[in-house]
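A closer look at the structure
In case you want the letters, here they are:
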Amino acid sequence: MASTGQPASSLKRSAVRDEDQLIITPLGAGSEVGRSCLHMSYKGKIVMFDCGIHPAFSGMAALPYFDEIDPSRIDVLLITHFHLDHAASLPYFLEKTTFKGRVFMTHATKAIYKLLLSDYVKVSKVSVEDMLFDEQDILRSMDKIEVIDFHQTLEVNGIRFWCYTAGHVLGAAMFMVDIAGVRVLYTGDYSREEDRHLRAAELPQFSPDVCIIESTYGVQLHEPRHIREKRFTDVIHSTVTQGGRVLIPAYALGRAQELLLILDEYWSSHPDLHKIPIYYASPLAKRCMAVYQTYTNAMNEKIRNQFASTDPFDFKHIFPLKSIDEFNDTGPCVVMATPGGLQSGLSRQLFDKWCSDRKNACVIPGYVVQGTLAKTIINEPKEVTLTNGLTAYLNMQVHYISFSAHADYAQTSTFLKELMPPNIILVHGEANEMGRLKQKLLSVFADGNTKIITPKNCQSVEMYFNSQKMAKTVGKLAEKMPSVGETVSGLLVRKGFTYQIMAPEDLHVFSQLSTGNIIQRITIPYSGALAVIKYRLKQIYEGVESSMDEESGVPTLLVHDRVTVKTESENHLSLHWTADPISDMVSDSIVALVLNVSREMPKLVVDSETVVNQDEDSKKAEKIVYALLVSLFGDVKYGEDGKLVINVDGNVAQLDKESGEVESENGGLKERVKMAFQRIRSAVKPIPLSGS
Amino acid sequence: MGTSVQVKPLCGVYNENPLSYLVSVDGFNFLIDCGWNDHFDTSLLQPLSRVASTVDAVLLSHPDTLHLGALPYAMKQLGLSAPVFATEPVFRLGLLTMYDQYLSRKQVSEFDLFTLDDIDSAFQNITRLTYSQNYHIPGKGEGIVIAPHAAGHLLGGTVWKITKDGEDVIYAVDFNHRKERHLNGTVLLSFARPAVLITDAYNALNNQPSRRQRDQEFLDAILKTVRADGNVLLPVDTAGRVLELILILEQFWEQHQLTYPIFFLTYVASSTIDYAKSFLEWMSDSIAKSFEHTRDNAFLLKHVTLLINNSELEKVAGPKIVLASMASLEAGFSHDIFVEWAADTKNLVLFTERGQFATLARMLQSDPPPRAVKVTMSRRIPLVGEELAAYEEEQNRKREEALKATLVKEEESRASLGAELSAGDPMAVNAKITQPSSNAAGLQFGAYRDVLIDGFVPPPASAGPMFPFYENSAEWDDFGEIINLEDYTRNNEDMDHSSIPAEDDVNGKLDEGSASLILDTTPSKVVSSEQTVYVKCSLLYMDFEGRSDGRSVKSILAHVSPLKLVLVHGSAEATEHLKQHCLKNVCQHVYAPQIEESIDVTSDLCAYKVQLSEKLMSNVLFKKLGDYEIAWVDAEVGETENGTFSLLPLSTPTPPHKTVLVGDIKMADLKQYLASKGVQVEFAGGALRCGEYVTLRKVGDSIQKGGSSGVQQIILEGPLSEEYYKIRDHLYAQFYSL
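Criteria and cut-off values
Residues numbered from 1 in each chain as written. Chains lettered and ligands numbered in written order. Predicted model: local features only at pLDDT ≥ 70, side-chain atom pairs only at ≥ 80, totals over all residues. Heavy atoms only, no water. Contact = heavy atoms within 4.5 Å. Buried area = accessible area lost by both parts, 1.4 Å probe. Salt bridge = Lys/Arg side-chain N within 4 Å of Asp/Glu carboxyl O. Polar contact = N/O pair within 3.5 Å; in protein donor to acceptor, adjacent residues only side chain to side chain. Helix = DSSP H or I, 4+ residues; strand = E, 2+ residues; numbered from the N terminus. Nonpolar A, V, L, I, M, F, W, Y, C, P; charged D, E, K, R; others polar. Pairing = 2+ DSSP bridges. UniProt positions renumbered as here; feature names shortened; annotations may be inferred. Phe/Tyr/Trp six-rings, centres within 6.5 Å; stacked < 30°, edge-to-face > 60°. Lys NZ or Arg CZ within 6 Å of the ring centre and 35° of its normal. Buried < 20%, exposed > 50% of the residue type's maximum accessible area, 1.4 Å probe, protein only.

Take the interface of chain A and chain B next. Reports often express the size of an interface as the amount of accessible area lost when the parts come together. Listed per partner, the contact involves 103 residues of chain A and 105 residues of chain B. When the two sides are added together, the surface that chain A and chain B hide from each other amounts to roughly 9500 Å², 55% of it contributed by carbon and sulfur. Three residues stand out in chain A for area buried against chain B, namely L492(A), R494(A) and I518(A), and they jointly supply 7% of the buried area on that side. Summed over the shared surface of chain A and chain B, the result is seven salt bridges. Put simply, K110(A) and E292(B) hold a salt bridge, and the shortest N to O gap is 3.0 Å. Between the two partners, chain A and chain B, sit 31 residue pairs in polar contact (both at pLDDT 80 or more). Looking at the side of chain A that touches chain B element by element, the count peaks at ten residues for strand β26 (residues 515-525) of chain A. Classifying every residue of the side of chain A that touches chain B by side-chain character gives 42 nonpolar, 36 polar and 25 charged. In this sheet, strand β25 (residues 628-639) of chain B lies alongside strand β24 (residues 487-495) of chain A in antiparallel orientation, the contact comprising nine bridges. Residue pairing for β25(B): L491(A) is matched across the bridge by W632(B).

Here's what the structure looks like:
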């Protein structure tokens, strides 16, 4: 399973920041039908859509290409509906891989998922080693699956997503994912046609930037609904009235419920048919009926209104059938049986029994997979091979009436025309069918702004969205609008993909964070006079001010505007200050000083209020600056009007000592001198009193 | 400047009257809730009538009378015509509540404030949303996004969040943070720092015992009564809290295999439970889970019998438990049953919620309870003799008029039907069906038409006279219609007959039982008599209201800590109490407006947008703090090509800034942390003693919260020692220094 889709644009990648790249990789259903699974990453967030198996394979071979990705990095996994090719590898993925993100599906999907997969585990006839998961794995996975309702917007790690009705089957959803303003729509399987119990797929309110869409039916067109329903009921009606039996092989869930609704309704309106029984032979469908009866809110308005008077899923003319042994084959009847492909099971048993009688009929109601008997008999061969190996004449009538709830070409093209997504990715369709659809869509979107891509499995699609990061400046910082060139300083707070800039004081207002202050008070043993300390401090710090404590009247010293020194008792001094790196440093030096003083005691000091000579200080500073510059640049002279002239290899720079301005023809030198002078100055000059 | 927000209460402030508030967001007027009381006192709606026509959208929060009772009346009489938004359960159960109210009233009075048609037409325009669905308001309110969120309390109960330009206005009344049997707790706590929070003070002075204890007492009281051969009456609401009570009883009966019959008696009981069954998505996680695992719907009731009229109840001998609407005992089945049972000392009337002000329930809940109460007993009795004759004459005249109107209507609707359908064929089918069934129904059908004329005169614009077959283009339908599915499927070869709506909806259910009342064609009148009832039965009140209690409300408010807080709905004392509390502990801007007093809660927030340049961002190092990432930036303002501001890196060296310590320290957490680092710690006298000498104190946190500083102060004290510095390092480790 080597990757076939190595990123072709490693050059481009360096130019664009990595995280602006949106990568979509089909791990299944890329130019094929089955094992839907798509991996998408953008801005460091990873979303996976669907997690199905391929019905034509078994064991590990049926899984999507999970080894292409790192499951532990996936943030969210979204399942569109309960069909095996969309959800059946979920227990494996949740229980047997390093995946630790969150999984979402709709309520109805979750309820049916469990029943369907338990059934799948029971009926799949593979060896124990080949089993991908067991009943226990399914139960455990149920605890990890979270539910989402249609239109409900959820946010996980900054990924916002919500879902729309997709038609197709009960609980089927189309997911819209929004990461940092880039929207991706994944339709899953969808149908834009309302039927007896399901709604049509909705048209999303917003146009997505990328639309990942199914292409099962490619450029084919469906028959109008009422025509195919009429064809269906007519075939059945005429067959049973002529004394024949009708076999409808169908998958247990999805279309079967729709067909049962049609049949029950038809029987209700035709009393002459009441004596002819309809059976549906699927214990699974029977178990799922409770789900259909509960999640009516996912259905269309019409059937919900019916629920108010009678339960439409409480069929009056249809009876469940457990096995062929119970079945009393005495006369005309209608049997709907699983599986849909006539591979084995009850539908095959009945087919073997009935196929050679020309009064009988077989109605195939939906998409049939290549290689199954159902696909074979659509072409009406003269003979068929029975399960026991014998051949028999195929005399029964075979009708193919597609009730498939997938979008056809007309639906797909109108859907895309309404949405006008700039990027379309086709998945879930046979390669040929998909190619035809792509060509036809390209002619529809001929303006050239729409890209249509049909990736194969593991072939990555890369797209670039450079999003502007916008921040909102709020609170005190925003009290006046700044003008160009001013500086803005504050806290930049990021939550998800939103940025806010605010003053530290406002932090608690606009976020749940708060700022703190640590006030420190430390006591040091010291029994000397405060004056001694003051004298020593003055030698180090510029600002040492004496004052009195207002409450106790004890003399205090305020050092460097930050640290207060106070006599606590005869033998103790106390320092207090508000913690920050500079104050901590100042306090440490005071502590060291006090300890030193205590050790050197007693010592006489002249308490002379020496007035600090400003001039002398600045002269001293100037000398130091000069000396340091010489050590850095060598040739430094005093020029006119107090400027320093620096000469390096013939390049001359003039430095103004007061402002720090540098004039030089050589840009490099200018910058270096400027930088050097700034550093020297900050070293020579005292620490500024206030920090800000 | 921020978004302008004004709040103007229309009803329900400084008292426990129904709720109704006008909230304007940048000139877009939301009417949030549209409640009425069980007396249907029109004077309460005076303020609403003055502003009804200016309302742009109505948001409903809970499916009970107090929150949406006035909607039909306001839509019909007060000129309210704005689109309405609610969750699916609020819509369905609200509708049932209104039906029940109407039917209960109609039974005992000539109720004419609104009709079933008015209820239907008021509800048919409701847009249904799901929880946390962001709905973008189109047109005038462009830019405003509304989203309902779970409130607890009632099924579908909503906390509304109105967002404009990133500022949230949250309306949260009657929320419940506790998870219950059928509901999850509210998600209110997940909202942080909204610009405005509107909430109620209803429970500010109430505190509840623990749920388990309360449930136990509840069941004990009931069991004690029935074991002593008494009956228990629980006056309940139509479709709200009663669901929780039913589940409690159902589960207990199941566990203990009890056989005492339980009845749920309202005019819409069976519909209520049917809808409840299909609302599992809206219920608690445990209900959803049990359904997923066993497919057992919690509302598939085994021990509770649903009744829609009184007569069946009388057939059951022996002790029984009856949950009957209305909770106020003012009308409905509960009223009748109370009058009947009050005189027997063995019986128990168990109130599960505080009665509305000035109702019989409230009177009975007073302490000590009154010995005797005066009640008005009203009965609808058939007319006899002269009255009947006069009535019939009147009816005949009216019928003729109506018939004329009907014919005109039918013509019209046919015409419109024809226009709707492309071909004539389905229409022919339709007409065919209409004719035979109306003939077949014969007398009965004519009788139905009478009902409309009898009970409530339809307004000229109403489609009423067309009864049961008028085409209502909207999804809602007329009332009392019986559509038999077979009627229209029989001849229908063409399966695609979507043109015939199968919309019998709720009514289908109603028909079964309460049809006798709604469709009662016998001319009748209401006879009332005053009667004194001696209250000898036991009376008990237990709080099953499902609202957060006072203490929780306070802590929730402190947690949500809105920038501005508006208090509504609650007795004057409760409102004042909560206001004072919040001023001290939650925020500086607490408002409790009077009725029709418009207060401006526009946030005084300044904001502008800037673009963060790539250059700047490449040098910013974020530190992660929970959900947030935070960094200090110094930037220079520049301008982009399209004229917006952008932030560029500074061209001059960064000036020093005051260090900011970010982090929220809980003393208890700190204690654990220090202990884990091998420091001996204990709390002593409000301070944390670390080791032998060092103490840590935290001051000014809660007091100043929401105040101007909002900075927590931690004081670290100690003598010069190694320990001091060690503890300081640990303390620093709790903060992010920027």
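UniProt tags residues 17-222 of chain B as "domain: Metallo-beta-lactamase" (unreviewed entry). As a span, residues 17-222 of chain B carries 29% helix and 24% strand, and end to end its C-alpha atoms are 30 Å apart.

On to the packing of aromatic side chains. Counted by the stated rule, this structure contains 39 aromatic pairs over all chains. Joined through ring pairs, the aromatic side chains of W36(B), F40(B), Y73(B), Y102(B), F111(B) and F114(B) make up one cluster. If you follow R183(A) out to its NZ or CZ, it ends over the ring of F206(A), 4.4 Å from the centre. The ring of F544(B) has R214(B) lying over it, and the distance from NZ or CZ to the ring centre is 4.1 Å.

To continue, consider the pairing of strand β30 (residues 572-578) of chain A. Residue and element names in this part refer to chain A. Sheet topology note: the β26/β30 ladder contains seven bridges and is antiparallel. From the neighbouring strand, P525 faces β30, where its bridge partner is H572. Of the pairings in the sheet, the one linking strand β29 (residues 563-569) to β30 comprises five bridges and is antiparallel in character. Across the sheet, S569 pairs through a bridge with H572, a residue of β30. Linking β29 to β30, which pair antiparallel, is a turn of two residues.

In the segment running from T338(A) into P339(A), the intervening peptide bond is cis, with an omega of -5°. With respect to the helices, strands and loops of the structure, P339(A) is situated in the loop between β15 (333-337) and α10 (345-354). Geometrically, the link from S325(B) to M326(B) is a cis peptide bond, its omega value of -5° lying close to zero. Tracing the backbone shows M326(B) in the loop between β15 (321-325) and α11 (332-341). Phi at H168(A) is positive, roughly 60°, even though this residue is not glycine. Structurally, the position occupied by H168(A) is in the loop between β8 (159-165) and β9 (173-179). According to the relative accessible area criterion, H168(A) is buried, its value standing at 5%. Backbone geometry places C458(A), a non-glycine residue, at a positive phi of 65°. A relative accessible area of 5% places C458(A) in the buried class.

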